[in-house]
Protein chains: 2
Amino acid sequence: MKKDSTLPPPTLERLARLYVLLGKLQNLGLQAISSKRLSELLGVPDHTIRKDLSFLKEGQGIEPFAEKEKAGVGKPGSGVGRGYPLESLRLLIGARLGLTHPRTACLVGLGNLGVAILNRRIWQEGVYRLVAAFDLSENRLELLSTKIPLYHARELERVVRNYRIEIGILTVPPEAAQETADRLVHAGIRGIINFAPVVLTVKSNRVVVRNVSLAGELNILSAYLYQQEEETHG
Amino acid sequence: MKKDSTLPPPTLERLARLYVLLGKLQNLGLQAISSKRLSELLGVPDHTIRKDLSFLKEGQGIEPFAEKEKAGVGKPGSGVGRGYPLESLRLLIGARLGLTHPRTACLVGLGNLGVAILNRRIWQEGVYRLVAAFDLSENRLELLSTKIPLYHARELERVVRNYRIEIGILTVPPEAAQETADRLVHAGIRGIINFAPVVLTVKSNRVVVRNVSLAGELNILSAYLYQQEEETHG
DNA sequence: CAATAATTGTGAAAAATTTCACAGTAAGGA
DNA sequence: TCCTTACTGTGAAATTTTTCACAATTATTG
């Protein structure tokens, strides 16, 4: 049991977002950044960021170098260039989260939301490969102009199997969501990001599901606002 | 300090999602449901659900009824109708999260994603009122056919102020996201749901921000998959 | 070159959250 | 009526996660 290799879920999720942020900062031409600055950008306390980062060096050295163990990622001290070097930090997080080799994904449902996702720049960046997109409407498939290969939904299982697609992004109408998810799972998908406004049930506990729900977000936001209101007055 | 009124954040977020689920189950004509069944549907352990629900009755009785205090929400025992009555449970959660009076929202950016959100059924359900949608393109504004009032982006501040809009949903291109957020905050918005692929910085800590990020979700999913892979082999 | 300022890294303490385990409750059947 | 079954509700224990506090480190300034 390589228990060491599993990160605390909150840490994993923060690192995953930090990874995205670091990429953007790099594109801005920045070289290094402090935990304090990251803290402001991410809305997470600086000590939490440092603690999260401390998980990166577990099991890095294969041999137990008794001394010099303390090789941290960041450079202490004041002045320019102090803090965490963007590039190497990003690389390290990527390695720890398994973001180094590209994953294959497919998109199911080419309504407005699907097309929005189809056109995202992320597919040009090389970390994720959108190798297929599906829709029921032949018309829709013909009208869309894109480099991503488009298929009719009836081809779903075949294509997912053939290309060993790992991640499915669900942007179908709510009525179709559960059935589509079942088909994806049946075809061997490993993870689903669900944008349809339904609560998916997936039997297999090998499949990771992330629900992205506008209604959920609205409710969470409202609840926080309500708590603010309570605090302020009675 | 009404400390009792703030829920633990994980509980708050689970209840917010549970609220959505309960609505859907009600539409299915169901009357009651057990924590076990909810557990399967939500992917959250049943005891966690029961614990979350136990926060609902804090401070319900204004007078400290020393006896009969234990008035729970759900009905124990076997047979049909046991478990939590859908309707009253949903009402109770709604009351606790402040979901009883409708909140006003606006949508900024009418690209594919914006239009997808514009057309969601949630705006017909009465809990949230989408009172305005904005875009830069006059053309776009004319072409769209919807009951939601559409405005040119230059009207943003005026409309947000006038209607005292509480929640802003950001679906603008990444380049415009930060500036738009600043304008919303300046106009007195209280919460932002950001769908643009940027990390927003909002100074005011009175404004609640929820970032919905495809890249983030993909990274989180991949990281979980990677951990699975690690577990399986060496 | 010494003092200063800004920053990391981390054990240990504190706080928050989840899990456990079981007493209590009520329907339905024997 | 009494037993069985299927639930809830919850203190207390266990676990996880966050926070704290400070020693260690290094560019920069006086």
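Scroll up to find the structure.
Residues numbered from 1 in each chain as written. Chains lettered and ligands numbered in written order. Predicted model: local features only at pLDDT ≥ 70, side-chain atom pairs only at ≥ 80, totals over all residues. Heavy atoms only, no water.

Undergrad: Summarise the sheet that holds strand β3 (residues 103–108) of chain B; cite the residues concerned and give the values.
TA: Spatial strand order, β5-β4-β3-β6-β7-β8 (chain B): 6 strands in an open sheet with parallel pairing. Every other strand in the sheet has two partners, leaving β5 (150–152) and β8 (208–211) of chain B as the edge strands with one partner each. Going across the sheet, the axis of each strand differs from the next one's by a mean of 20°, ignoring polarity. By the bridge criterion, 4 bridges tie strand β7 (residues 191–194) of chain B to β8 of chain B in an arrangement that is parallel. Following the sheet pairing, G191 of chain B is matched in β8 of chain B by V208 of chain B. Seen against the sheet, helix α9 (residues 214–232) of chain A touches β3, β4 (128–135), β6 (167–170), β7 and β8 of chain B and runs at an angle of roughly 160° to β8 of chain B. Running over the sheet, helix α8 (residues 174–186) of chain B touches β3, β6 and β7 of chain B and is turned about 170° from β6 of chain B. (Pairing = 2+ DSSP bridges. Helix = DSSP H or I, 4+ residues; strand = E, 2+ residues; numbered from the N terminus. Axes fitted to C-alpha atoms, helices over the stretch in contact; angles between N-to-C directions. Contact = heavy atoms within 4.5 Å.)

Undergrad: Lay out the protein's contact with DNA strand D in plain terms, naming residues and giving numbers.
TA: Around DNA strand D, the surrounding shell holds 31 residues, and the nearest of these are R14 of chain A together with S35, K57, V73 and S78 of chain B. Between R14 of chain A and DNA strand D, the recorded distance is 2.7 Å, taken from a side-chain N or O atom to a phosphate oxygen. Within the contact set of DNA strand D, a phosphate oxygen lies 3.1 Å away from a side-chain nitrogen or oxygen of Y84 of chain B. Of all the elements in the fold, those that place two or more residues in the surface near DNA strand D are α1 (9–27) and α3 (46–54) of chain A together with α3 (46–54) of chain B. Here the surface near DNA strand D gets 4 residues from one element, more than from any other, and that element is α3 of chain A. Class assignment of the residues belonging to the surface near DNA strand D gives a composition of 9 nonpolar, 13 polar and 9 charged. (Near = heavy atom within 4 Å. Polar contact = N/O pair within 3.5 Å; in protein donor to acceptor, adjacent residues only side chain to side chain. Nonpolar A, V, L, I, M, F, W, Y, C, P; charged D, E, K, R; others polar.)

Undergrad: How would you sum up unusual backbone geometry? Please name residues and give values.
TA: Peptide bonds are trans in most cases, and residues, glycine excluded, mostly fall at negative phi. Residues and elements named next belong to chain A. Residue R164 is not a glycine yet carries a positive backbone phi of 50°. Secondary-structure assignment places R164 in the loop between α7 (156–162) and β6 (167–170). Accessibility expressed as a relative area gives 65% for R164, which makes it exposed. (Buried < 20%, exposed > 50% of the residue type's maximum accessible area, 1.4 Å probe, protein only.)

Undergrad: Please give an account of the packing of helix α4 (residues 86–97) of chain A against helix α9 (residues 214–232) of chain B that cites residues and values.
TA: Close contact between α4 of chain A and α9 of chain B brings their axes to 8 Å; oriented N to C, the two are set at 55°. It follows that α4 of chain A is oblique to α9 of chain B by the angle criterion. Together, A95, R96 and L97 of chain A of α4 of chain A and S222, A223 and Y226 of chain B of α9 of chain B make up the contact between the two elements. Per-class residue counts for the contact of α4 of chain A with α9 of chain B are 4 nonpolar, 1 polar and 1 charged. (Parallel < 35°, antiparallel > 145°, perpendicular 65-115°, else oblique.)

Undergrad: Could you give me a rundown of the pattern of salt bridges, with the residues and numbers involved?
TA: All told, the structure shown has 26 salt bridges over all chains when counted by the stated rule. Salt-bridge contacts for E40 of chain A lead to R37 of chain A; the nearest nitrogen and oxygen are separated by 3.2 Å. With E40 of chain A and R37 of chain A both in helix α2 (residues 35–42) and 3 residues apart, the pair spans about one turn of that helix. The partner of E217 of chain B in a salt bridge is R210 of chain A, with the nearest N and O atoms 2.6 Å apart. One end of the pair, E217 of chain B, is in helix α9; the other, R210 of chain A, is in strand β8 (residues 208–211), on a second chain. On the accessibility criterion, R210 of chain A (16% relative accessible area) is buried. (Salt bridge = Lys/Arg side-chain N within 4 Å of Asp/Glu carboxyl O.)

Undergrad: An account of the sheet that holds strand β5 (residues 150–152) of chain A is requested, with residue identities and associated values reported.
TA: All names here are of chain A. If you trace the 6 strands from one edge of the open sheet to the other, you get β5-β4-β3-β6-β7-β8, paired in parallel fashion. Edge positions in the sheet fall to β5 and β8, since each has one partner strand and no second. Averaged over all pairs of adjacent strands, the angle between their axes in this sheet comes to 20°, without regard to strand direction. Bridge count between strand β4 (residues 128–135) and β5: 3 bridges; the pairing is parallel. When the sheet's bridge partners are listed, A133 is paired in β5 with L150. Where helix α8 (residues 174–186) meets the sheet, its contacts fall on β3 (103–108), β6 and β7 (191–194), and the angle it forms with β6 comes to roughly 170°.

Undergrad: If you had to explain the interface of chain B and chain A to someone new, which residues and values would you point to?
TA: Taken together, the 72 residues of chain B in the interface contact 72 residues of chain A. Summed over both sides, the interface of chain B with chain A buries roughly 6600 Å², with 62% coming from carbon and sulfur. Here chain B and chain A share 8 salt bridges between them. Among the salt bridges present, the one from R121 of chain B reaches E175 of chain A, with a minimum N-O distance of 2.9 Å. (Buried area = accessible area lost by both parts, 1.4 Å probe.)

Undergrad: I'd like a description of the nonpolar core, backed by residues and values.
TA: Within soluble globular proteins, side chains that are nonpolar generally end up buried alongside one another. I93 and W123 of chain A together with I93 and W123 of chain B are the most contacted members of the largest nonpolar core, which totals 98 residues. Apart from the residues lying within four places of it in its own chain, the contact partners of I93 of chain A are L15, L18, Y19, L22, L53 and L56 of chain A. Among the nonpolar cores identified, the runner-up in size contains 23 residues, and A132, V160, A187 and V202 of chain B belong to it. (Core = buried A, V, L, I, M, F, W, Y, C linked by side-chain atoms within 4.5 Å.)

Undergrad: Tell me about the relation of the copies chain B and chain A, and please be specific about residues and values.
TA: For the pair chain B and chain A, the superposition axis carries a translation of 0.0 Å, the fit reaches an RMSD of 0.0 Å, and the rotation angle comes to 180°. Taken together, the rotation and translation describe the operation of a two-fold axis. (Least-squares fit on C-alpha atoms with pLDDT ≥ 70 in both.)

Undergrad: I'd like a description of the pairing of β6 of chain A, backed by residues and values.
TA: Residue and element names in this part refer to chain A. By the alternation rule, side chains of β6 split into I167 and I169 and G168 and L170, which are all buried. Here β6 pairs with β7 via 4 bridges, running parallel. What sits directly across from I167, in β7, is G191. Handedness of the β-α-β unit built from β6, α8 and β7 comes out right-handed. (Right-handed = clockwise from strand over helix to strand, strands pointing away.)

Undergrad: Requested: an account of α8 of chain A, with residues and values cited.
TA: Residues and elements named next belong to chain A. When the terminal C-alpha atoms of α8 are compared, their 19 Å separation across 13 residues agrees well with the 18 Å that a helix rising 1.5 Å per residue should span. When we look at burial in α8, the residues that qualify are A177, T180, A181 and L184. On the buried face of α8, the contacting elements are β3, α7, β6 and β7. Where α8 terminates, the next one or two residues include G188, which has phi positive at roughly 100°. (Expected span 1.5 Å × (residues − 1).)

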